[in-house]
Amino acid sequence: MRAPRPLSLAAFAAAALLAGCATPPAPDPTAETAHCYKSNKGRVIACTSSPAPSLNADAEAKRFTPDPTALTVYVVRRNWEDGRNFVKVQADNGPVAETLPDTMVRIKVRPGSHTLTFEFDGQRQNTSVQGQAGDVRFARIEGTVLAWKSSYEWAAEPEPEIRERARKARLVADIQVP
């Protein structure tokens, strides 16, 4: 015995309506909220304690537009061996930004030579960066997280490769060092 056509049509329409209601709304591209690192199954593992710049600011940062009055430095943390640890980054003992895997920090500093520092597990590592007003530089933190230990270091990688990693990372801090 076949179900009447109107009943089948009504059931299909109800299912379609319910599926539409179950879809979460798109995120507000202007909202500044904490950024959360998620597992490949979508489970939240860790979130930044301070709000990340908006999705609009993230898209603007990924244009890598030079600032004619400052040296712009992108610190990128993106590689497959990285884990859930927070790594704190700063330039010239200025404001500190915490990073998670697949994130980046944009730092604008005066032209000249500067020291970038990251801290993890009580250990600090430095690298230097230099440039003129209007220059854009890239630095990358490489993390290796295993069951028995975690380690981080400044990666020696060509800037074009770091730039490509930055395109896939989320901006979590936008810092201006006086």
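Residues numbered from 1 in each chain as written. Predicted model: local features only at pLDDT ≥ 70, side-chain atom pairs only at ≥ 80, totals over all residues. Heavy atoms only, no water.

So, the overall build of the protein
The test is simple: The secondary structure listing takes helices from DSSP runs of H or I that are at least 4 residues long and strands from runs of E that are at least 2 residues long, numbered from the N terminus. Relative accessible area decides the class of each residue, using a 1.4 Å probe on protein chains only: under 20% of the type maximum gives buried, over 50% gives exposed, and in between gives partly exposed. Any two residues whose heavy atoms approach within 4.5 Å at even a single point are treated as in contact. Per-residue and other accessible areas follow the Shrake-Rupley method at a 1.4 Å probe size, with only the shown protein chains counted as cover for residues.
Summing up its helical and strand segments, the protein has three helices and 11 strands in all. The N-to-C order of helical and strand elements in the protein reads α-β-β-α-β-β-β-β-β-β-β-β-α-β. Within the protein, the proportion of its 178 residues that are buried is 38%. Sequence separation of 24 or more characterises 66% of the internal contacts of the protein that already satisfy a separation of 6 or more. Carbon and sulfur atoms make up 54% of the accessible area of the protein, which amounts to about 10,700 Å² in all.

Things to note about the pattern of salt bridges
Rules: A pairing counts as a salt bridge when a side-chain nitrogen of Lys or Arg comes within 4 Å of a carboxyl oxygen of Asp or Glu.
Counted by the stated rule, this structure contains 11 salt bridges. With its nearest N and O atoms 2.9 Å apart, the salt bridge here joins Lys62 to Asp58. Asp58 shares its class with Lys62; the two are buried. Of the charged contacts in the structure, one is a salt bridge between Arg124 and Glu119, with a shortest N-O distance of 3.5 Å. Residue classification places Arg124 among the partly exposed positions, given a relative accessible area of 45%. Residue Glu119 is classed as partly exposed on the basis of its relative accessible area, which comes to 32%.

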